[in-house]
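Structural description and commentary
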Amino acid sequence: MFVDIARIDLKAGKGGDGAVAFRREKFEPSGGPFGGDGGKGGDIIFVCDEGQRTLSDFKYRRHYKAENGENGRTKMQYGKDGQDLYLKVPKGTLIKDFDTDQVIYDMKKPGDEFIICKGGRGGKGNAKFKSSTRQAPRFAEPGGPGEEKTIKLEIKLLSDVGLVGLPNVGKSTILSIMTNANPKIANYHFTTLNPNLGVVEIEPGKSFVMADIPGLIEGASDGKGIGMEFLKHIERCAVLVHVLDISGHEGRDPLDDYRLIREEMGQYNERLKKKKEIIVANKMDLPGGREHLQALKQELPDHLIIPVSAATTENMEKLKYTIWNEIKDMDYDYDFFDEIYVPVEEKKEPDYQIKRVNDTYVVEGPLIDHLIYRTDFNVNESLKHFQKVLIDKGIVDGLREKGIEEGQIVVMGEIEFEYYE
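The structure contained in this document is the topic of the report that follows. Residues take numbers from 1 onward in each chain, read along the sequence in its written order. Given that this is a predicted model, residues contribute local features only at a pLDDT of at least 70 and side-chain atom pairs are listed and counted only at 80 or more, while totals for whole chains, interfaces and linings are drawn from all residues. The basis for the side-chain values is all heavy atoms of the structure; hydrogens and waters are excluded.

Thoughts on the pattern of salt bridges
Definition used for salt bridges: Asp or Glu carboxyl oxygen within 4 Å of a side-chain nitrogen of Lys or Arg. What the rule picks out here adds up to 23 salt bridges. Of the charged contacts, one joins Lys128 and Asp37 as a salt bridge, the two residues approaching to 2.5 Å between their closest N and O atoms. Of this pair, Lys128 sits in the loop between strand 7 (113-117) and strand 8 (148-155) while Asp37 is found in the loop between strand 1 (5-11) and strand 2 (44-48), placing the two residues 91 residues apart along the sequence. In this structure, Arg252 and Asp257 form a salt bridge, with 2.8 Å as the shortest nitrogen-oxygen distance. For Arg252, a relative accessible area of 39% corresponds to the partly exposed category. Relative accessibility decides the category of a residue: with a 1.4 Å probe and only protein chains considered, values under 20% of the type maximum give buried, values over 50% give exposed, and everything between is partly exposed. On the basis of relative accessibility, which here comes to 7%, the residue Asp257 falls in the buried class. Bridged by salt links that share partners, the residues Lys96, Asp101, Lys152 and Glu154 form one connected network. Here a helix means four or more residues in a row that DSSP labels H or I, a strand means two or more in a row labelled E, and each is numbered from the N terminus.

So, the sheet that holds strand 3 (residues 63-65)
Reading across from one edge, 3-1-8-5-6 is the order of the five strands in this open sheet, with mixed pairing throughout. Strand pairing shows two members of the sheet lacking a second neighbour, strand 3 and strand 6 (103-107), which therefore form its edges. Looking at each pair of strands side by side, their axes are set apart by 25° on average, direction ignored. We treat two strands as partners when DSSP finds at least two bridges between them. Only C-alpha atoms enter the line fits that serve as axes; for helices the fit covers just the stretch in contact. Angles between N-to-C directions range over 0 to 180 degrees.

Re the pairing of strand 11 (residues 206-212)
With five of seven residues buried, strand 11 lies mostly within the body of the structure. In the sheet, strand 9 (residues 159-164) pairs with strand 11 via three bridges, with the strands oriented parallel. Residue pairing for strand 11: Gly162 is matched across the bridge by Ala211. Where strand 10 (residues 196-203) lies against strand 11, seven bridges are found, and the strand directions are antiparallel.

Brief notes about helix 5 (residues 316-327)
With 12 residues, helix 5 ought to run about 16 Å at 1.5 Å a step, and its terminal C-alpha atoms sit 17 Å apart, in line with that. Listed in full, the buried residues belonging to helix 5 are Met316, Leu319, Lys320, Thr322, Ile323, Trp324 and Ile327. How far a helix is expected to stretch is found by multiplying one less than its residue total by 1.5 Å.

Comments concerning the environment of Glu416
Structurally, the position occupied by Glu416 is in strand 18 (residues 415-418). Separated by 55 residues in sequence, Glu416 and Tyr361 have C-alpha atoms that sit 9.8 Å apart. Whether two residues are in contact is decided by their heavy atoms, any of which lying within 4.5 Å being enough. Glu416 has contacts with Ile409, Val410 and Val411, leaving out every residue within four places of it along the chain.

Some remarks on the side chain of Asn126
On the secondary structure map, Asn126 appears in the loop between strand 7 and strand 8. Residue contacts for Asn126: discarding those within four places in its chain leaves Ala19, Val20, Ala21, Phe22, Pro33, Phe34, Gly35, Pro137, Phe139 and Ala140.

Observations regarding unusual backbone geometry
Although it is not a glycine, Asp101 adopts a positive phi angle of roughly 65°. Note that Asp101 resides in the loop between strand 5 (93-97) and strand 6. Asp101 sits in the partly exposed class, given a relative accessible area of 36%.

Thoughts on the side chain of Asp9
In this structure, Asp9 sits in strand 1. For Asp9, a relative accessible area of 15% translates into the label buried. Not counting residues up to four positions away in its chain, the partners in contact with Asp9 are Arg62, His63, Tyr64, Lys149 and Thr150.

Topic: the sheet that holds strand 15 (residues 353-357)
Strand order in the open sheet made by the four strands is 15-16-17-18, with mixed pairing throughout. Only two strands of the sheet have a single partner each, and these edge strands are strand 15 and strand 18. Averaged over all adjacent pairs, the angle separating strand axes in this sheet is 25°, with direction ignored. Pairing of strand 16 (residues 360-364) with strand 17 (residues 409-412), which is carried by three bridges, proceeds in the parallel orientation. In the strand pairing of strand 17, Val362 is matched with Val411.

Notes on the nonpolar core
What we call a nonpolar core is a set of buried Ala, Val, Leu, Ile, Met, Phe, Trp, Tyr and Cys residues that are connected through their side-chain atoms within 4.5 Å. Counting residues in hydrophobic clusters, the biggest one holds 38 residues, and the most contacted among them are Ile174, Phe208, Met210, Leu319 and Ile323. With six residues, the top contributor of residues to this core is strand 12 (residues 237-245). Those residues within four positions of Ile174 in sequence are excluded, and the remaining contacts are Leu163, Val243, Val280, Asn282, Ala310, Met316 and Leu319. Ala12, Cys48, Leu55 and Met107 belong to the second largest nonpolar core, which has 23 residues in total.

Right, dumping it as structure tokens:
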């Protein structure tokens, strides 16, 4: 099944907790702090893999979690780092923030890697808190939490070749003949509601991906039918193979059908009309085919037109190799997509900010969240370390600049205390 958009929830690994331990060896019954640091949590990393063609791997699994870091141990042994989780996606995949739809990263080249969620930092063991005034610290840091994100994956390059045209012109039949795909085929309009993909094999090591795009109707660029989805899929094909019912047996003029599709594409995005195009005159086995083909060639003398009959497979091999010759040395125009999707840099939040609300002072930010998370307020030494960080980071000076007075309330996360010099 074709999947070109997927929503997934990601959670990087939590960092391992630092250890509280003391050296207890023969002849050294009162040794110093000996607790090791926790290991770093595993990252979640996207990898652009040329072997991937769709996002079908993400259809039935939505939640991904990297490995946690191990806790620190005694004898100053560090915990093992959590294993990174690598997720493979096709070339041309956009990684988007699910809520804002903003592009976070564009997977353009095979081998590209992008860390989407960073693992939590390992907590420091009590050996790291030893100082000249603190000889036997009885506290350690917990490991930091891993980043969590809900994202949307979206393929911008759907396939090498896209079969386009009005409903019921034979696109699905052509796909089934040229590839190993098994699309639903019937003699009525709108059989295809989602793109079907298949791989066209030329010879070992030489192949291309072909997509059967849902049929278009007049007014699609204005949102009629499923036209906007159709046009979005066209946008993601490198080469267009425009299939026409050359017989005109439904009372339509093939040339008018061609112009209708081109007009709808241009109204959606004028640059779509500049894509490389091959015209396939299908249903040559039906009456009227040869007459309409001659008229089409006269009106479009500079276009590459291949007459075929999907029903009898006439000229299908010729079509396959014609397409291959057009795309085999093609350098895909990724600039086409860059003008549509512009990655937005994530704004870095300040470490902390101080706000005055009536007679209360609120201090918030990632530094504060991290500091509160790693502090054990039931351990006196840990509390002293908390106060020292407030001084070293300029938070106390910032409170003074805001005009704080003794006895006034300071709120940090869920912690509330009275300020005293």
